[in-house]
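# Fold and geometry: a report
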Amino acid sequence: MIVQMRHGATQAQSEKVINFLKEKGFEIKDVSSDNVIIFGVIGDTKYLNASDLEAFSGVFQVTRIQTPYKLVSRQFKSEDTIIHIKDDIYIGEGYFEIIAGTCAVETKEITEEVAKALVSNGVKILRGGAFKPRTSPYSFQGLGVKGLEILNEVKNKYNLVVVSEIVNEKDIPAFEKYVDVYQVGARNMYNYELLKALGKKTKKPIILKRGISATIEEWLMSAEYILSSGNPNVILCERGIRTFERYTRNTLDIQAVLAVKELSHLPVIVDPSHSSGKYTMIEKLSLASLAVGADGVMVEIHPNPEFALSDGAQSLKLDKFSHMVKELNKLKKGLKK
Ligand code: PEP
Ligand code: MN
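The shown structure was predicted, so the numbers you read here are calculated from the model rather than taken from an experiment. (Residues numbered from 1 in each chain as written. Chains lettered and ligands numbered in written order. Predicted model: local features only at pLDDT ≥ 70, side-chain atom pairs only at ≥ 80, totals over all residues. Heavy atoms only, no water.)

It is worth spelling out helix 3 (residues 108-120) at this point. Along an α-helix, residues three or four positions apart point the same way, because every turn accommodates 3.6 residues. Over its 13 residues, helix 3 runs 18 Å from end to end, which matches the ideal 18 Å to within 8%, given 1.5 Å per residue. Listed in full, the buried residues belonging to helix 3 are Ile110, Thr111, Glu112, Val114, Ala115, Ala117 and Leu118. Close packing links the buried residues of helix 3 with strand 7 (97-104), strand 8 (125-129), helix 4 (145-158), strand 14 (296-301) and helix 11 (318-335). Positive backbone phi, at 70°, marks Gly122, one or two positions downstream of helix 3. (Helix = DSSP H or I, 4+ residues; strand = E, 2+ residues; numbered from the N terminus. Expected span 1.5 Å × (residues − 1). Buried < 20%, exposed > 50% of the residue type's maximum accessible area, 1.4 Å probe, protein only. Contact = heavy atoms within 4.5 Å.)

What follows is the structure in C-alpha coordinates.
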(Lines give C-alpha, C1' and ligand atoms only; values in the text may rest on other atoms or scores of the structure.)
(Ligands and ions follow the chains in the order given, each with its own letter.)
Protein backbone atom coordinates (compact mmCIF):
# COMPACT_ATOMS: atom_id res chain seq x y z
CA MET A 1 0.00 0.00 0.00
CA ILE A 2 1.30 3.46 -0.89
CA VAL A 3 0.34 6.54 1.18
CA GLN A 4 0.75 9.92 -0.46
CA MET A 5 0.49 13.00 1.79
CA ARG A 6 -0.89 16.30 0.46
CA HIS A 7 1.56 18.85 -0.87
CA GLY A 8 2.29 21.00 2.18
CA ALA A 9 1.25 18.36 4.72
CA THR A 10 3.23 18.72 7.93
CA GLN A 11 5.79 16.34 9.34
CA ALA A 12 3.54 15.95 12.41
CA GLN A 13 0.62 14.86 10.21
CA SER A 14 2.66 12.19 8.44
CA GLU A 15 4.15 10.99 11.74
CA LYS A 16 0.66 10.46 13.11
CA VAL A 17 -0.19 8.13 10.21
CA ILE A 18 3.18 6.39 10.38
CA ASN A 19 2.88 5.76 14.13
CA PHE A 20 -0.64 4.40 13.66
CA LEU A 21 0.69 1.93 11.07
CA LYS A 22 3.81 0.98 13.04
CA GLU A 23 1.66 0.20 16.08
CA LYS A 24 -0.23 -2.26 13.88
CA GLY A 25 3.08 -3.95 13.02
CA PHE A 26 3.65 -2.54 9.53
CA GLU A 27 7.05 -1.53 8.26
CA ILE A 28 7.28 1.89 6.58
CA LYS A 29 9.50 2.69 3.62
CA ASP A 30 9.97 6.34 2.73
CA VAL A 31 9.80 7.03 -1.03
CA SER A 32 9.14 10.81 -0.87
CA SER A 33 9.87 12.88 -3.95
CA ASP A 34 9.29 16.40 -5.31
CA ASN A 35 8.59 17.80 -1.83
CA VAL A 36 5.72 15.38 -1.32
CA ILE A 37 5.85 12.84 1.48
CA ILE A 38 5.14 9.38 0.11
CA PHE A 39 5.67 6.10 1.93
CA GLY A 40 5.08 2.41 1.32
CA VAL A 41 3.33 0.26 3.92
CA ILE A 42 4.90 -3.18 4.08
CA GLY A 43 3.15 -6.17 5.63
CA ASP A 44 -0.11 -8.05 5.29
CA THR A 45 -2.44 -5.19 4.43
CA LYS A 46 -5.60 -7.26 4.05
CA TYR A 47 -6.85 -5.98 7.42
CA LEU A 48 -6.22 -2.38 6.40
CA ASN A 49 -8.81 -0.22 4.64
CA ALA A 50 -7.43 2.43 2.32
CA SER A 51 -10.40 4.67 3.10
CA ASP A 52 -9.67 4.49 6.87
CA LEU A 53 -6.21 5.99 6.26
CA GLU A 54 -7.74 8.73 4.14
CA ALA A 55 -9.52 9.88 7.31
CA PHE A 56 -6.17 11.17 8.69
CA SER A 57 -5.65 14.87 7.98
CA GLY A 58 -2.89 15.56 5.49
CA VAL A 59 -3.39 12.27 3.60
CA PHE A 60 -3.99 12.83 -0.11
CA GLN A 61 -4.34 9.33 -1.53
CA VAL A 62 -3.89 5.73 -0.48
CA THR A 63 -3.25 3.17 -3.19
CA ARG A 64 -3.55 -0.55 -2.66
CA ILE A 65 -0.94 -2.71 -4.39
CA GLN A 66 -1.84 -6.11 -2.99
CA THR A 67 -5.27 -7.51 -3.84
CA PRO A 68 -7.74 -7.32 -0.93
CA TYR A 69 -8.26 -11.09 -1.25
CA LYS A 70 -5.54 -13.55 -0.44
CA LEU A 71 -6.56 -17.21 -0.29
CA VAL A 72 -8.26 -17.12 -3.70
CA SER A 73 -5.42 -15.19 -5.31
CA ARG A 74 -2.95 -16.64 -7.77
CA GLN A 75 -0.30 -14.57 -5.99
CA PHE A 76 -0.94 -16.75 -2.96
CA LYS A 77 -1.21 -20.11 -4.79
CA SER A 78 -0.02 -20.28 -8.37
CA GLU A 79 -1.11 -23.80 -9.33
CA ASP A 80 -4.70 -24.30 -10.51
CA THR A 81 -7.14 -25.75 -8.01
CA ILE A 82 -8.85 -28.83 -9.39
CA ILE A 83 -11.90 -29.86 -7.42
CA HIS A 84 -12.77 -33.50 -7.03
CA ILE A 85 -16.53 -33.90 -7.24
CA LYS A 86 -16.85 -37.70 -7.08
CA ASP A 87 -15.26 -40.79 -8.66
CA ASP A 88 -13.80 -39.62 -12.01
CA ILE A 89 -15.52 -36.24 -11.99
CA TYR A 90 -13.26 -33.20 -11.56
CA ILE A 91 -13.80 -29.50 -12.20
CA GLY A 92 -10.74 -27.40 -12.94
CA GLU A 93 -8.04 -26.66 -15.49
CA GLY A 94 -7.73 -29.48 -18.03
CA TYR A 95 -11.28 -30.75 -17.46
CA PHE A 96 -14.55 -29.55 -18.94
CA GLU A 97 -17.76 -30.68 -17.26
CA ILE A 98 -21.32 -30.08 -18.39
CA ILE A 99 -23.90 -29.50 -15.66
CA ALA A 100 -27.50 -29.65 -16.86
CA GLY A 101 -31.03 -29.90 -15.60
CA THR A 102 -34.24 -28.02 -15.08
CA CYS A 103 -34.22 -24.58 -13.49
CA ALA A 104 -36.44 -25.87 -10.70
CA VAL A 105 -37.16 -29.44 -9.64
CA GLU A 106 -40.80 -29.85 -10.70
CA THR A 107 -41.75 -33.53 -10.57
CA LYS A 108 -39.95 -36.83 -10.23
CA GLU A 109 -41.05 -37.80 -13.76
CA ILE A 110 -39.55 -34.69 -15.34
CA THR A 111 -36.35 -35.05 -13.32
CA GLU A 112 -36.06 -38.67 -14.46
CA GLU A 113 -36.59 -37.75 -18.09
CA VAL A 114 -33.84 -35.17 -17.79
CA ALA A 115 -31.55 -37.64 -16.00
CA LYS A 116 -31.98 -40.12 -18.86
CA ALA A 117 -31.00 -37.43 -21.34
CA LEU A 118 -27.87 -36.71 -19.30
CA VAL A 119 -26.91 -40.38 -19.13
CA SER A 120 -27.45 -40.95 -22.84
CA ASN A 121 -25.16 -38.00 -23.59
CA GLY A 122 -22.46 -38.99 -21.10
CA VAL A 123 -23.21 -36.01 -18.82
CA LYS A 124 -22.75 -36.74 -15.13
CA ILE A 125 -23.87 -33.66 -13.20
CA LEU A 126 -27.56 -32.91 -12.77
CA ARG A 127 -28.80 -29.51 -11.63
CA GLY A 128 -32.17 -28.53 -10.21
CA GLY A 129 -33.32 -25.85 -7.82
CA ALA A 130 -35.49 -26.86 -4.87
CA PHE A 131 -35.37 -23.44 -3.20
CA LYS A 132 -35.92 -20.83 -5.88
CA PRO A 133 -35.03 -17.19 -5.23
CA ARG A 134 -37.59 -15.73 -7.65
CA THR A 135 -37.89 -12.05 -8.48
CA SER A 136 -41.64 -12.20 -7.85
CA PRO A 137 -43.10 -13.62 -4.62
CA TYR A 138 -46.01 -14.83 -6.78
CA SER A 139 -43.81 -17.07 -8.96
CA PHE A 140 -43.14 -20.76 -8.25
CA GLN A 141 -40.85 -20.87 -5.21
CA GLY A 142 -39.64 -24.46 -5.53
CA LEU A 143 -40.53 -27.71 -3.77
CA GLY A 144 -38.14 -27.22 -0.85
CA VAL A 145 -36.79 -30.36 0.83
CA LYS A 146 -39.17 -32.49 -1.25
CA GLY A 147 -37.27 -31.25 -4.32
CA LEU A 148 -33.94 -32.32 -2.76
CA GLU A 149 -35.42 -35.75 -2.07
CA ILE A 150 -36.44 -36.10 -5.72
CA LEU A 151 -32.95 -35.12 -6.85
CA ASN A 152 -31.45 -37.61 -4.46
CA GLU A 153 -33.69 -40.48 -5.61
CA VAL A 154 -33.01 -39.76 -9.27
CA LYS A 155 -29.26 -39.32 -8.85
CA ASN A 156 -29.01 -42.66 -7.07
CA LYS A 157 -31.02 -44.42 -9.75
CA TYR A 158 -28.97 -42.96 -12.63
CA ASN A 159 -25.60 -42.73 -10.91
CA LEU A 160 -25.31 -38.96 -11.24
CA VAL A 161 -24.19 -36.20 -8.93
CA VAL A 162 -26.44 -33.26 -8.14
CA VAL A 163 -26.09 -29.52 -7.76
CA SER A 164 -28.74 -27.44 -6.03
CA GLU A 165 -29.00 -23.90 -4.77
CA ILE A 166 -29.04 -23.10 -1.08
CA VAL A 167 -30.66 -19.88 0.08
CA ASN A 168 -30.73 -20.34 3.84
CA GLU A 169 -28.18 -21.58 6.35
CA LYS A 170 -30.84 -23.61 8.17
CA ASP A 171 -31.06 -25.96 5.18
CA ILE A 172 -27.41 -27.07 5.38
CA PRO A 173 -28.24 -30.41 7.10
CA ALA A 174 -30.70 -31.34 4.31
CA PHE A 175 -28.13 -30.36 1.67
CA GLU A 176 -25.46 -32.43 3.41
CA LYS A 177 -27.80 -35.40 3.15
CA TYR A 178 -29.02 -35.02 -0.42
CA VAL A 179 -26.74 -32.80 -2.49
CA ASP A 180 -23.19 -33.27 -3.82
CA VAL A 181 -22.45 -29.70 -4.86
CA TYR A 182 -23.95 -26.57 -3.32
CA GLN A 183 -24.86 -23.60 -5.46
CA VAL A 184 -24.90 -20.04 -4.14
CA GLY A 185 -26.96 -17.98 -6.53
CA ALA A 186 -26.28 -14.53 -7.92
CA ARG A 187 -28.69 -12.95 -5.44
CA ASN A 188 -26.85 -14.43 -2.48
CA MET A 189 -23.30 -13.69 -3.59
CA TYR A 190 -23.37 -10.76 -1.16
CA ASN A 191 -24.96 -12.78 1.67
CA TYR A 192 -21.78 -12.94 3.74
CA GLU A 193 -23.43 -14.70 6.70
CA LEU A 194 -24.52 -17.54 4.38
CA LEU A 195 -21.03 -17.69 2.81
CA LYS A 196 -19.35 -17.88 6.23
CA ALA A 197 -21.78 -20.57 7.39
CA LEU A 198 -21.10 -22.66 4.28
CA GLY A 199 -17.36 -22.20 4.74
CA LYS A 200 -17.63 -23.54 8.28
CA LYS A 201 -20.27 -26.23 7.94
CA THR A 202 -19.53 -28.05 4.70
CA LYS A 203 -16.53 -29.39 2.86
CA LYS A 204 -18.56 -30.17 -0.27
CA PRO A 205 -17.84 -28.12 -3.41
CA ILE A 206 -19.70 -24.83 -3.74
CA ILE A 207 -20.54 -23.18 -7.05
CA LEU A 208 -20.49 -19.44 -6.35
CA LYS A 209 -22.34 -17.46 -8.98
CA ARG A 210 -21.34 -13.93 -9.80
CA GLY A 211 -23.74 -11.30 -8.44
CA ILE A 212 -25.96 -9.57 -10.96
CA SER A 213 -23.95 -6.33 -10.78
CA ALA A 214 -20.83 -7.58 -9.04
CA THR A 215 -17.34 -6.61 -10.09
CA ILE A 216 -14.83 -9.42 -10.45
CA GLU A 217 -13.12 -8.21 -7.28
CA GLU A 218 -16.37 -8.33 -5.28
CA TRP A 219 -17.02 -11.83 -6.60
CA LEU A 220 -13.55 -12.99 -5.59
CA MET A 221 -14.00 -11.37 -2.17
CA SER A 222 -17.16 -13.46 -1.72
CA ALA A 223 -15.15 -16.57 -2.58
CA GLU A 224 -12.57 -15.38 -0.02
CA TYR A 225 -15.33 -15.45 2.63
CA ILE A 226 -15.89 -19.17 1.95
CA LEU A 227 -12.20 -20.09 1.80
CA SER A 228 -11.28 -18.08 4.88
CA SER A 229 -14.10 -19.79 6.79
CA GLY A 230 -12.66 -23.21 6.02
CA ASN A 231 -13.89 -24.58 2.69
CA PRO A 232 -11.35 -24.39 -0.18
CA ASN A 233 -13.64 -26.11 -2.73
CA VAL A 234 -15.12 -23.16 -4.56
CA ILE A 235 -16.05 -23.12 -8.24
CA LEU A 236 -16.82 -19.67 -9.66
CA CYS A 237 -19.68 -19.31 -12.14
CA GLU A 238 -20.02 -16.43 -14.57
CA ARG A 239 -23.78 -16.08 -15.22
CA GLY A 240 -24.00 -12.75 -16.98
CA ILE A 241 -24.12 -9.28 -15.54
CA ARG A 242 -26.69 -6.52 -15.80
CA THR A 243 -25.87 -3.96 -18.46
CA PHE A 244 -27.88 -1.38 -20.41
CA GLU A 245 -28.69 -4.03 -23.06
CA ARG A 246 -32.24 -5.37 -22.83
CA TYR A 247 -32.43 -7.78 -25.78
CA THR A 248 -30.77 -10.48 -23.70
CA ARG A 249 -31.60 -11.11 -20.03
CA ASN A 250 -28.04 -10.25 -18.98
CA THR A 251 -24.71 -9.81 -20.76
CA LEU A 252 -22.29 -12.73 -20.66
CA ASP A 253 -18.96 -11.35 -19.51
CA ILE A 254 -16.87 -13.93 -21.34
CA GLN A 255 -13.69 -12.03 -20.48
CA ALA A 256 -14.42 -12.67 -16.82
CA VAL A 257 -13.28 -16.27 -17.44
CA LEU A 258 -9.87 -15.01 -18.54
CA ALA A 259 -9.75 -12.42 -15.76
CA VAL A 260 -10.54 -15.02 -13.11
CA LYS A 261 -7.91 -17.37 -14.54
CA GLU A 262 -5.33 -14.58 -14.28
CA LEU A 263 -6.33 -13.42 -10.81
CA SER A 264 -7.26 -16.68 -9.12
CA HIS A 265 -6.38 -20.38 -9.03
CA LEU A 266 -10.05 -21.36 -8.61
CA PRO A 267 -11.99 -23.09 -11.42
CA VAL A 268 -14.53 -21.05 -13.36
CA ILE A 269 -17.58 -22.23 -15.27
CA VAL A 270 -20.18 -20.37 -17.36
CA ASP A 271 -23.98 -20.34 -17.24
CA PRO A 272 -25.22 -19.32 -20.70
CA SER A 273 -28.89 -19.84 -19.74
CA HIS A 274 -29.11 -17.08 -17.14
CA SER A 275 -26.79 -14.79 -19.06
CA SER A 276 -28.69 -14.81 -22.36
CA GLY A 277 -32.16 -15.78 -21.19
CA LYS A 278 -32.64 -17.39 -24.62
CA TYR A 279 -32.44 -21.08 -25.49
CA THR A 280 -31.40 -20.11 -29.01
CA MET A 281 -28.06 -18.83 -27.72
CA ILE A 282 -27.07 -21.58 -25.30
CA GLU A 283 -25.16 -23.89 -27.65
CA LYS A 284 -23.02 -21.17 -29.22
CA LEU A 285 -22.30 -19.51 -25.88
CA SER A 286 -21.29 -22.88 -24.44
CA LEU A 287 -18.88 -23.42 -27.33
CA ALA A 288 -17.49 -19.92 -26.76
CA SER A 289 -17.05 -20.72 -23.07
CA LEU A 290 -15.10 -23.87 -23.86
CA ALA A 291 -12.99 -22.02 -26.41
CA VAL A 292 -12.14 -19.22 -23.99
CA GLY A 293 -10.93 -21.68 -21.35
CA ALA A 294 -13.84 -22.13 -18.95
CA ASP A 295 -13.80 -25.33 -16.89
CA GLY A 296 -17.40 -26.19 -17.65
CA VAL A 297 -20.88 -24.93 -18.40
CA MET A 298 -24.12 -25.12 -16.48
CA VAL A 299 -27.22 -25.10 -18.68
CA GLU A 300 -30.95 -25.33 -18.12
CA ILE A 301 -32.79 -28.04 -20.05
CA HIS A 302 -36.40 -29.25 -19.96
CA PRO A 303 -38.44 -31.91 -21.77
CA ASN A 304 -41.21 -29.33 -22.33
CA PRO A 305 -39.82 -25.82 -21.89
CA GLU A 306 -43.17 -24.32 -22.93
CA PHE A 307 -44.67 -25.68 -19.72
CA ALA A 308 -41.69 -25.20 -17.39
CA LEU A 309 -42.54 -23.67 -14.03
CA SER A 310 -39.54 -21.36 -14.32
CA ASP A 311 -37.09 -20.18 -16.97
CA GLY A 312 -38.59 -22.12 -19.91
CA ALA A 313 -37.36 -19.56 -22.42
CA GLN A 314 -33.74 -20.24 -21.50
CA SER A 315 -34.09 -24.02 -21.31
CA LEU A 316 -32.98 -26.30 -24.12
CA LYS A 317 -35.23 -29.10 -25.31
CA LEU A 318 -33.61 -32.48 -24.83
CA ASP A 319 -32.81 -33.06 -28.53
CA LYS A 320 -31.13 -29.67 -28.72
CA PHE A 321 -29.20 -30.54 -25.58
CA SER A 322 -27.87 -33.72 -27.25
CA HIS A 323 -26.81 -31.63 -30.21
CA MET A 324 -24.99 -29.19 -27.94
CA VAL A 325 -23.12 -31.97 -26.15
CA LYS A 326 -21.99 -33.42 -29.49
CA GLU A 327 -20.76 -30.02 -30.66
CA LEU A 328 -18.91 -29.48 -27.39
CA ASN A 329 -17.29 -32.89 -27.69
CA LYS A 330 -16.12 -32.07 -31.22
CA LEU A 331 -14.61 -28.80 -30.06
CA LYS A 332 -13.04 -30.50 -27.04
CA LYS A 333 -11.29 -32.91 -29.39
CA GLY A 334 -10.12 -30.05 -31.58
CA LEU A 335 -8.79 -28.22 -28.53
CA LYS A 336 -7.34 -31.46 -27.09
CA LYS A 337 -9.15 -30.83 -23.75
C1 PEP B 1 -30.25 -20.73 -11.10
O2 PEP B 1 -29.17 -21.21 -11.46
O3 PEP B 1 -31.30 -21.36 -11.09
C4 PEP B 1 -30.32 -19.30 -10.74
C5 PEP B 1 -31.34 -18.83 -10.04
O6 PEP B 1 -29.30 -18.59 -11.20
P7 PEP B 1 -28.75 -17.13 -10.81
O8 PEP B 1 -28.51 -17.16 -9.33
O9 PEP B 1 -27.52 -17.02 -11.63
O10 PEP B 1 -29.82 -16.14 -11.20
MN1 MN C 1 -33.16 -20.61 -13.73
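Picking up where we left off.
Considered domain by domain, the chain is made up of domain 1 (2-63) and domain 2 (83-335). Placing the centre of domain 1 and that of domain 2 at their C-alpha centroids yields a distance of 44 Å. (Domains from an automatic or database assignment.)

On to the site of ligand 1, then. Ligand 1 sits among Arg127, Lys132, Glu165, Gln183, Gly185, Ala186, Arg187, Lys209, Arg239, His274 and Glu300. Note that an oxygen atom of ligand 1 is positioned 2.8 Å from one of the side-chain N or O atoms of Arg127. Within the side chain of Gln183, a nitrogen or oxygen atom sits 2.9 Å from an oxygen atom of ligand 1. Out of a free accessible area of 300 Å², ligand 1 has 97% covered by protein chains. Split by residue class, the shell around ligand 1 holds one nonpolar, three polar and seven charged. (Near = heavy atom within 4 Å. Polar contact = N/O pair within 3.5 Å; in protein donor to acceptor, adjacent residues only side chain to side chain. Areas by Shrake-Rupley, 256 points an atom, 1.4 Å probe, with all protein chains shown as cover. Nonpolar A, V, L, I, M, F, W, Y, C, P; charged D, E, K, R; others polar.)

It is the contact of helix 3 with helix 4, at a shortest axis distance of 10 Å, that shows an interaxial angle of 35°. The two elements helix 3 and helix 4 meet at a crossing, and its hand is right-handed. Every residue of helix 4 that contacts helix 3 at Lys108, Thr111, Glu112, Ala115, Lys116 and Val119 is listed here: Ile150, Leu151, Glu153, Val154, Lys157 and Tyr158. For the contact of helix 3 with helix 4, the per-class residue count stands at six nonpolar, one polar and five charged. (Axes fitted to C-alpha atoms, helices over the stretch in contact; angles between N-to-C directions. Left-handed = near helix turned anticlockwise from the far one by under 90°.)

With antiparallel pairing, four strands are arranged side by side in an open sheet as 2-3-1-4. Among the strands making up the open sheet, the edge pair consists of strand 2 (27-30) and strand 4 (59-63). Each adjacent strand pair in this sheet contributes to an overall mean axis angle of 25°, direction not counted. Pairing between strand 1 (residues 2-5) and strand 3 (residues 38-42): three bridges, direction antiparallel. Pairing of Gln4 across the sheet is with Ile38, part of strand 3. This element, helix 1 (residues 11-23), spans strand 1, strand 2, strand 3 and strand 4 of the sheet and lies at about 5° to strand 3. (Pairing = 2+ DSSP bridges.)

All right, on to the coordination of the manganese ion (ligand 2) then. Protein-derived coordination of the manganese ion (ligand 2) comes from Cys103 (SG), His274 (NE2), Glu300 (OE) and Asp311 (OD), at a distance range of 2.0 to 2.4 Å. Of note, the donors binding the manganese ion (ligand 2) are all from one chain and are spaced C-x170-H-x25-E-x10-D. Separated by 26 residues along the polypeptide, His274 in helix 9 (residues 272-276) and Glu300 in strand 14 bring together distant segments of the chain. Note on accessibility: His274 and Glu300 belong to one class, buried. (Donors = N, O, S within 2.8 Å, 3.2 Å for Na, K, Ca; no water.)

It is the contact of helix 6 (residues 192-201) with helix 7 (residues 216-228), at a shortest axis distance of 7 Å, that shows an interaxial angle of 40°. Between helix 6 and helix 7 the crossing geometry is right-handed. Between helix 6 and helix 7, the contacting residues are Tyr192, Leu195, Lys196 and Gly199 on the first element and Ser222, Tyr225 and Ile226 on the second. Here the residues of the contact of helix 6 with helix 7 sort into four nonpolar, two polar and one charged.

According to the stated counting rule, one finds five aromatic pairs in the structure shown. Judged by centre distance (4.4 Å) and plane angle (15°), the ring pair of Tyr192 and Tyr225 falls under stacked. Of this pair, Tyr192 sits in helix 6 while Tyr225 sits in helix 7, and the two are 33 residues apart along the sequence. Accessibility expressed as a relative area gives 30% for Tyr225, which makes it partly exposed. Of the aromatic side chains, those joined through ring pairs into one cluster are Phe131, Phe175 and Tyr182. Here Lys278 stacks its cationic end above the ring of Tyr247, 4.3 Å away from the centre of that ring. (Phe/Tyr/Trp six-rings, centres within 6.5 Å; stacked < 30°, edge-to-face > 60°. Lys NZ or Arg CZ within 6 Å of the ring centre and 35° of its normal.)

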